[in-house]
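Observations on the model geometry
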Amino acid sequence: MKFRALIKQSGDWWIGWIGWLIDIPGVSAQEKSKEEVLESQGSRAEDRMATEVPFVPDAQVATIEIAKPKWASSPE
């Protein structure tokens, strides 16, 4: 299976690369190299997909609203 990974170099941390899997929420990684962050994301995705999510009959899905970040505002 293939999933989209968003990765970027992070010069502000001692960790050089950070990344997220777009298609599997909650899967992220922080590593020293691009190769390591991709490998970590792969193993974390495998762990996430192997985790059984129990059915909870009275569970509810809700939405929340958060403030729009400044970077998402259109230029004036």
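Below is a summary of the structure that appears in this document. (Residues numbered from 1 in each chain as written. Predicted model: local features only at pLDDT ≥ 70, side-chain atom pairs only at ≥ 80, totals over all residues. Heavy atoms only, no water.)

Description of the overall build of the protein chain
For the record, the criterion: Runs of E in the DSSP output that reach at least two residues are strands. Runs of H or I that reach at least four are helices, and both are numbered from the N terminus. Only protein chains enter the area calculation, which uses a 1.4 Å probe; residues under 20% of their type maximum are buried, those over 50% are exposed, and those in between are partly exposed. Contacts: residue pairs with any heavy atoms within 4.5 Å of one another. The Shrake-Rupley method, run with a 1.4 Å probe sphere, supplies the accessible areas, and residue values consider only the shown protein chains as cover. This count recognises Lys and Arg as positive and Asp and Glu as negative, with His and chain-terminal groups excluded. By convention, the charge on Lys lies at NZ, on Arg at CZ, on Asp at CG and on Glu at CD.
The helix and strand inventory of the protein chain stands at one helix and three strands. The helix and strand sequence of the protein chain, counted from the amino end, reads β-β-β-α. Here the protein chain holds 76 residues, and the buried ones make up 20% of them. Within the protein chain, residue pairs in contact and separated by at least 24 positions form 15% of the contacts whose partners lie at least 6 positions apart. As displayed, the protein chain has an accessible area near 7,000 Å², and 54% of this comes from carbon and sulfur atoms. The average position of the 9 basic charges and that of the 12 acidic charges among the side chains of the protein chain differ by 7 Å.

Side note on the sheet that holds strand β3 (residues 28–31)
Definition in use: When DSSP finds at least two bridges between two strands, those strands are taken to pair. To obtain each axis, a line is fitted to C-alpha atoms, and for helices this fit is confined to the stretch in contact; angles are then taken between N-to-C directions over 0 to 180 degrees.
Across the sheet, three strands lie side by side as β1-β2-β3; this open sheet has antiparallel pairing. Of all strands in the sheet, those bounded by a partner on one side alone are β1 (5–9) and β3. Mean inter-strand twist for the sheet, computed between neighbouring axes without regard to direction, equals 15 degrees. Examined bridge by bridge, β1 and strand β2 (residues 17–21) share five bridges and lie antiparallel to one another. For K8, the partnering residue across the bridge sits in β2 and is I18. Contacts from helix α1 (residues 34–50) reach β1, β2 and β3 within the one sheet, and its direction differs from that of β3 by about 150 degrees.

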